[in-house]
Amino acid sequence: MNLELLNRTDHQGAKGPVFIGQKLVVFERDNKTDYLPGYIDFPGGGKEAGETVFETFQREIKEEFGLDISKDQVDFVKEYPSTRFIGEKAFFVVAKLPEEAAEKIKFGPEGTGYRIISVEEFMSSNKAVPFMLPRMKDYLSGQA
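Below you will find a few notes about this structure. (Residues numbered from 1 in each chain as written. Predicted model: local features only at pLDDT ≥ 70, side-chain atom pairs only at ≥ 80, totals over all residues. Heavy atoms only, no water.)

So, on to the pairing of strand S7 (residues 89-97). Among the nine residues that make up S7, seven are buried, leaving the element largely enclosed by the rest of the structure. As defined by bridge partners, strand S2 (residues 18-20) adjoins S7 across three bridges and the pair is classed as parallel. From the neighbouring strand, Ile20 faces S7, where its bridge partner is Leu97. Relative to S7, strand S6 (residues 74-81) runs antiparallel, the two sharing seven bridges. Within the sheet, the bridge partner assigned to Glu79 lies in S7 and is Phe91. (Buried < 20%, exposed > 50% of the residue type's maximum accessible area, 1.4 Å probe, protein only. Helix = DSSP H or I, 4+ residues; strand = E, 2+ residues; numbered from the N terminus. Pairing = 2+ DSSP bridges.)

What follows is the structure in structure tokens.
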């Protein structure tokens, strides 16, 4: 895996799963959005001025779940085309936190609530954000 990708600034956004132990922390998208309302999603979002891929992902996790991550907790990063902004780059980032991180979650204002679920539950859900499924498959198969 090329962790140098985390230092890139030519991206539109960064999003991906945060493992808490062996499970994933996810949230349900609310109906305030016209983009996949009610779907189960990972933390992440658009870049703010000057941010690196890591800084975008780190800020989004803090805003959405109140969790702090460090670069050494990143297990995977890969560039993909943005699904919302044609011609732009987005990054799929995976972080791994210890089980005790679950006690520190402070759910933010996005979405209707969060859950901690198994990888299998996410991968088999008909409400998982569709473009996240092949990205998770890439991660799970070890393709960097």
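This brings us to the side chain of Arg29. Residue placement: Arg29 occurs in the loop between strand S3 (23-28) and strand S4 (40-41). For Arg29, a relative accessible area of 13% puts it in the buried group. With residues near it in sequence (within four places) discarded, Arg29 still touches Lys15, Tyr35, Leu36, Pro37, Gly38, Tyr39, Asp41, Gly111, Thr112 and Val129. (Contact = heavy atoms within 4.5 Å.)

Moving on: helix H3 (residues 132-140). Within H3, the full set of buried residues consists of Met132, Leu133, Arg135, Met136, Asp138 and Tyr139. Just downstream of H3, Gly142 is the residue with a positive phi angle, here 80°.

Moving on, we come to the nonpolar core. Counting 22 residues, the largest nonpolar core has Leu6, Val18, Phe57, Leu67, Ile69 and Val93 as its most contacted members. Elements with a contribution of two residues or more to this core: S2, S3, helix H1 (53-65), S6 and S7. In terms of residues, this core owes the most to one element, H1, which gives five residues. When residues no more than four places from it in sequence are discounted, the contact partners of Ile69 are Phe54, Phe57, Gln58, Ile61, Ala95 and Leu97. Formed by 19 residues, the second largest nonpolar core is a distinct cluster that contains Leu24, Phe76, Phe92 and Val129. (Core = buried A, V, L, I, M, F, W, Y, C linked by side-chain atoms within 4.5 Å.)

This part covers the environment of Glu48. When you line up the elements, Glu48 lands in the loop between strand S5 (44-46) and H1. Taking the C-alpha atoms as reference, Glu48 lies 9.5 Å from Arg59; in sequence the two are 11 residues apart.

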